[in-house]
Amino acid sequence: MTLRSRRRRAGIVLSIPAVALVVALLGVPIGQAVYYSMTMWNGTTSTWIGPSTYTSTFTDPIFWRVLENNGLLLLAVPFAIGIPLLIAALLNEHVRGWRFFRSVYFLPTAISWVVIGMFALRFFSATGVLNQLLGHVGFGAQATDLLAGEGSALLALAITFIWSMVGTNTMIFLTGMATLDPTLIEAAKVDGLNRFQIFWRVTLPLLTRFVQFAFVITVISAFSALFSLIFVMTGGGPGFGTTTLEFFVYQTGFQQVQFGVGALYGIILFVIMAVVGLVQLRLIRAEDSGW
Amino acid sequence: MVIPRKLSTWALFALMVVVAVIMLYPFWYMIDNAFRSGNQFDRQNGHSFAGWHQLFANLPVVGQLLNSTLVCAAAIVIILAVSTTAGFAFAKLQYRGSGTVFLLVVSALMVPLQSIIIPEYVNLAKFNLTNSYTGAVLVYAALGTPFATFLMATYYRGISDELIEAAVMDGLGYERTFLNIALPLSLPAIATVTVLQFIQIWDDLLVGLLFLPANQRTITVGLATLSAGRTTSIPALMAGSIVSAIPAIIVYLIFQRHLIKGLTLGMGR
């Protein structure tokens, strides 16, 4: 056997296990999910319906109610990016002790959403920390459980989500700031710009790529990583107040045992995520050709 | 307005402290309230070990910590085995179409778990894999493989082709070259993958909840289902939160550098 064909053989043999694992457990199920989504299936009997399952979903008001929650959660994204951006700028001033603070801010990244949800549940409850704080500043009379109202529960979920994203996004921006050419900042200082002007006019425009990356990570998390948080904090309620599409898949598939409809919601989620990914790719391409 | 240099530095420091308090407060709250009885919690006064007693009475803590460890270890071993070999193949042993295959593997990153969870469940149940660790371990391994493969391939691309070719010329063969030369060189990347995956799997709820039998639940799943019962006392839940978070925190504190590197490497497109 020639060296060339031995090389080829080794390449194929070494890549097979990874490919097999990914295809069997991630690739094939996507195809199955598309098929399931066009059936009516309660776990025992499966009936083929066809693509009309999608039209009946799109006329279901509950589906739109759930999708609305996803849309509302997107309103948290600017905060989940803006706040970490400011924190990163703060750390990037390299005031004494900044490394220690960096470790502290990043710590929640290691913590399960389950544990975070466990705390948030107490934090937002009627006798919880938030209401105590509000009581101290004179709003004690309005003590309510934020998780008891549909709108307020979603707000509580969004706040918890923003807090949880601080570590990851701060780290992304801090990494970005470290790549900047320090002479640019120096030049701006010489030109008489103050810290805020430097941040707005010099640092931020140079961080575009990192902001985009953080944006995609944040949107993906908002749509597909909040299951544990919702499970622990609200169970999707009250009503459908905090049911997002990803949680709806779980409820429909595993609590109501409607595998067909559940799979359909999963496919819609997949399409939304794919669109987000493609937009990101487009942005990067456009930027590359722009140089 | 000209702020004196020193004063502004103090203002920045004070701001950093405020942010630190916001980020650390939940941890303090958990520790403070884990050491209370239900009564002491209601009054927010006094401390005891009652919460811990209740936790251990309601949750097989030690067994579940062991389950978490086993599931993490097994899944990580599989991820490392397939991602190092495939990463090496995609970076150094390219064959016709290997670029496309690489893209195929990495693009699986885009698949949200919820989109495939129902067929996954049906398939695993069909092969009787949901009444032991096996099903969950396989799913964790598959979910971790795309990013790990991407990371390993990126790392192996940094190793010079000459080094690999020289080893092959010396008669090592490609498989031995991988094992004896490339693999030891990639220890930093292996550490990054291990830490990232450990935290991800340790902290996961959905896969464990659906694919692990009740008596083999991980600590994170155990804690979540305990809370869903709503009957358990809050101090016990806080104690459980601490127990489940500590291993991940320890790993984070020791391997912080690797975790950050893994996160930022994701930005390498």
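Keep in mind that what you see is a predicted model, and the values were worked out from it rather than measured.

1. A short note on the overall build of chain B
Thought 1: Looking only at helices and strands, chain B features 13 helices and zero strands.
Thought 2: Going residue by residue from the N terminus, the α and β elements of chain B occur as α-α-α-α-α-α-α-α-α-α-α-α-α.
Thought 3: Against the globule reference of 18 Å for 269 residues, chain B gives a C-alpha radius of gyration of 23 Å, more extended than a compact globule.
Thought 4: Counting only C-alpha atoms and orienting by the principal axes, one finds that chain B spans roughly 75 × 70 × 35 Å.
Thought 5: The 269 residues of chain B split such that 48% are buried.
Thought 6: Considering only contacts in chain B between residues 6 or more positions apart, those separated by 24 or more positions represent 75%.

2. Considerations on the domain arrangement of chain A
All names here are of chain A.
Thought 1: According to the domain assignment, chain A consists of domain 1 (31-61 + 256-291) and domain 2 (75-243).
Thought 2: On a C-alpha basis, the centres of domain 1 and domain 2 stand 29 Å from each other.
Thought 3: The interface of domain 1 with domain 2 comprises six residues on the first partner and six residues on the second.
Thought 4: Per-class residue counts for the side of domain 1 that touches domain 2 are five nonpolar, one polar and no charged.

3. Topic: the packing of helix H4 (residues 77-91) of chain A against helix H8 (residues 150-178) of chain A
Residue and element names in this part refer to chain A.
Thought 1: Between H4 and H8, whose axes approach to 7 Å, the crossing angle comes to 50°. As the angle between them shows, H4 and H8 are arranged oblique. Crossing handedness for the pair H4 and H8: right-handed. Contact residues: H4 offers Phe79, Ala80, Ile81, Ile83, Pro84, Leu85, Ile87, Ala88 and Leu91, while H8 offers Phe161, Ile162, Met165, Val166, Asn169, Thr170, Phe173, Leu174 and Met177.
Thought 2: Among the residues making up the contact of H4 with H8, the classes are represented as 16 nonpolar, two polar and no charged.

4. So, the nonpolar core
Soluble globular proteins tend to pack their nonpolar side chains together in the buried interior.
Thought 1: If you look at the biggest cluster of nonpolar residues, it comprises 167 residues, and the most contacted ones within it are A:Phe161, B:Ala75 and B:Tyr140.
Thought 2: When residues in this core are grouped by element, the largest group, 17 residues, is from helix H7 (residues 133-157) of chain B.
Thought 3: Residues lining this core come from more than one domain, with at least three contributed by each of domain 1 (31-61 + 256-291) and domain 2 (75-243) of chain A.
Thought 4: If sequence neighbours within four positions are ignored, B:Ala75 has contacts with B:Val137, B:Tyr140, B:Ala141, B:Gly144, B:Gln197 and B:Ile201.

5. Describing the packing of H4(A) against helix H11 (residues 208-224) of chain A
All names here are of chain A.
Thought 1: Their axes nearest at 10 Å, the elements H4 and H11 cross at an angle of 135°. One way to sum up the angle between H4 and H11 is to call them oblique. You can see that H4 and H11 cross each other, and the crossing is right-handed. From H4, Val77, Ala80 and Ile81 reach across to H11, where they touch Val211, Ala214, Phe215, Thr218, Val219 and Ala222.
Thought 2: Split by residue class, the contact of H4 with H11 holds eight nonpolar, one polar and no charged.

6. Here we look at the interface of chain A and chain B
Thought 1: Taken residue by residue, the interface counts 66 residues in chain A and 71 residues in chain B.
Thought 2: The element that contributes the greatest number of residues to the side of chain A that touches chain B is helix H1 (residues 3-36) of chain A, accounting for 21 residues.
Thought 3: Class assignment of the residues belonging to the side of chain A that touches chain B gives a composition of 46 nonpolar, 14 polar and six charged.

7. Some details on unusual backbone geometry
Thought 1: Positive phi, close to 55°, is recorded for A:His94, a residue that is not glycine.
Thought 2: Of the residues examined, A:His94 has 9 C-beta atoms within 10 Å and is grouped as exposed.
Thought 3: Despite not being glycine, B:Asn128 shows a phi value in the positive range, around 60°.
Thought 4: With respect to the secondary-structure elements, B:Asn128 resides in the loop between helix H6 (113-126) and H7.
Thought 5: On the neighbour-count criterion, B:Asn128 (10 C-beta atoms within 10 Å) is exposed.

Conventions adopted
- Residues numbered from 1 in each chain as written.
- Chains lettered and ligands numbered in written order.
- Predicted model: local features only at pLDDT ≥ 70, side-chain atom pairs only at ≥ 80, totals over all residues.
- Helix = DSSP H or I, 4+ residues; strand = E, 2+ residues; numbered from the N terminus.
- Rg over C-alpha atoms; globule rule 2.2 N^0.38 Å.
- Buried ≥ 20, exposed ≤ 12 C-beta atoms within 10 Å, placed from the backbone.
- Contact = placed C-beta atoms within 7 Å.
- Domains from an automatic or database assignment.
- Nonpolar A, V, L, I, M, F, W, Y, C, P; charged D, E, K, R; others polar.
- Axes fitted to C-alpha atoms, helices over the stretch in contact; angles between N-to-C directions.
- Parallel < 35°, antiparallel > 145°, perpendicular 65-115°, else oblique.
- Left-handed = near helix turned anticlockwise from the far one by under 90°.
- Core = buried A, V, L, I, M, F, W, Y, C linked by C-beta atoms within 7 Å.

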